[in-house]
Amino acid sequence: MFAYYSILLDEAGKLSRMNIKGSEFREDVRRQHPLPPEVLRRLTTLDDSRAWVSVAWNALALVVVIGLGLWFWTLPPVVAVGAVAALLLPIALVQQACFVIAHDAAHYRLFKARWLNEFVGRAFATVVGIPMRSYRVVHRLHHNDLYGETDPDTPIHGGYPRGRLYLLKKLARDLTGSTARKTYGYFFGNPVINDDLGTRARPLDDTAPALREAARADRWWVAAFHVLLPLIAWYTGWLTEYLVLWILPLVTVLQAVLRFRAILEHGAVNDFRSPLTAARTNLGPAWLMNSLFPHNVHYHVEHHLYPAIPHYHLPACHAELAARGWLDEAEVCDVFDTMRRVFADPVSTRAATA
């Protein structure tokens, strides 16, 4: 197996402190042969210029949507209310894109320099209320034990399809803001344990001490930021705008978006025994992929097979795997077909477990 952290060592040219048990995101190439080392070296090579393009796009999108919201605020009240309401989804989608940037940084795959990777990733995560290094602890378990006993994501997307009404009720609850507490509990390192699905997620049990300490520190920084920011908004007279244009979509629409995307990526799969069939790559029109799956996160089979590949190389990874025929039996679906599957009525047989 072409080990993930051997790639980091090649790039750094020196021993990395992260190359220890409890820090790694392991490759998962069950039921296929790994890609050739020369191909993986090309696909895992970090390109700071491409990372900066993604970061700049995100920053620009934030400026645009918030700028539009503030302009709508100046319109007559009847018009402003409707305009701002229509903007909540675009704001939530940009917030999700911030999270995906932080996700790449959590994998150490945003910038070559570790300090820059951590700084930018934590910045994008913090503004949406996520301690990136705490999320890194939880997300490792999802990758290293996909649909296993310690996968903390199983309660989110496991057990589908459960019927159209079930999923609609879940999304409706997200839109009320009532599930935000659980979502942020997950990101702060306390995922929900669902005994019905056999999940025994204990984030700290498989985590190096250095990552544990970093996660604890990150949680305090994020909490302090989100106490200080509303105080600043109140003092400067922008509190209402801050609450409506940022916090409201963060705790309502974004919650539904994150759940729906997670279910599209892992829900209603046929076989838990391999990332080829326990994760799903969704394909569809560019406008939908770029909004619901920003930064190529829809190439999710590829991401689980090779978490060392940065987001901008995932399309090339997809092409390499497809050319070898390794995706012929994988969960590679049209996104609208996936939607029909996750909204379908429950079936009598569930996916096989390892």
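As the structure is a computational prediction, the values presented were derived from the model and not from experiment. (Residues numbered from 1 in each chain as written. Predicted model: local features only at pLDDT ≥ 70, side-chain atom pairs only at ≥ 80, totals over all residues. Heavy atoms only, no water.)

**As for the confidence of the model for the protein**
Within the protein, residue pLDDT values average 86, and 84% of them lie at 70 or more. Mean pLDDT per element in the protein: helix 1 (residues 4–12) is the minimum at 41, and strand 1 (residues 281–283) is the maximum at 97. Between residues 1–19, whose pLDDT stays under 50, and residues either more than four places distant or in other chains, the model counts 40 contacts. Counting interchain partners and residues more than four positions distant, the pLDDT-below-50 stretch residues 348–354 has 14 contacts. (pLDDT = per-residue confidence, 0-100. Helix = DSSP H or I, 4+ residues; strand = E, 2+ residues; numbered from the N terminus. Contact = heavy atoms within 4.5 Å.)

**Some remarks on the packing of aromatic side chains**
Considering all chains together, one arrives at 10 aromatic pairs under this definition. On the numbers, 5.2 Å between centres and 85 degrees between planes, the contact of Tyr186 with Phe187 is edge-to-face. On the basis of relative accessible area, Tyr186 is assigned to the buried category, the value being 9%. What links up through ring pairs into an aromatic cluster is the set Phe99, Tyr135, Tyr184, Tyr186 and Phe187. The ring of Tyr160 carries Arg162 above its face, with NZ or CZ at 5.2 Å from the centroid. (Phe/Tyr/Trp six-rings, centres within 6.5 Å; stacked < 30°, edge-to-face > 60°. Buried < 20%, exposed > 50% of the residue type's maximum accessible area, 1.4 Å probe, protein only. Lys NZ or Arg CZ within 6 Å of the ring centre and 35° of its normal.)

**Here we look at the environment of Phe25**
Here Phe25 lies in the loop between helix 1 and helix 2 (37–44). A relative accessible area of 0% means that Phe25 is categorised as buried. In this structure the C-alpha to C-alpha distance between Phe25 and Tyr306, which are 281 residues apart in sequence, comes to 9.1 Å.

**Some thoughts on the side chain of Glu302**
With respect to the helices and strands, Glu302 occurs in helix 15 (residues 300–305). Among buried Asp, Glu, Lys and Arg side chains, Glu302 stands out as unpaired, with Arg280 the closest opposite charge at 11 Å. A distance of 2.6 Å separates a polar atom in the side chain of Glu302 from a polar atom in the side chain of His318. With residues up to four places along the chain from it excluded, the contact list for Glu302 reads Thr281, Leu314, Cys317, His318, Leu321 and Leu327. (Lys, Arg positive; Asp, Glu negative; His and termini not counted. Salt bridge = Lys/Arg side-chain N within 4 Å of Asp/Glu carboxyl O. Polar contact = N/O pair within 3.5 Å; in protein donor to acceptor, adjacent residues only side chain to side chain.)

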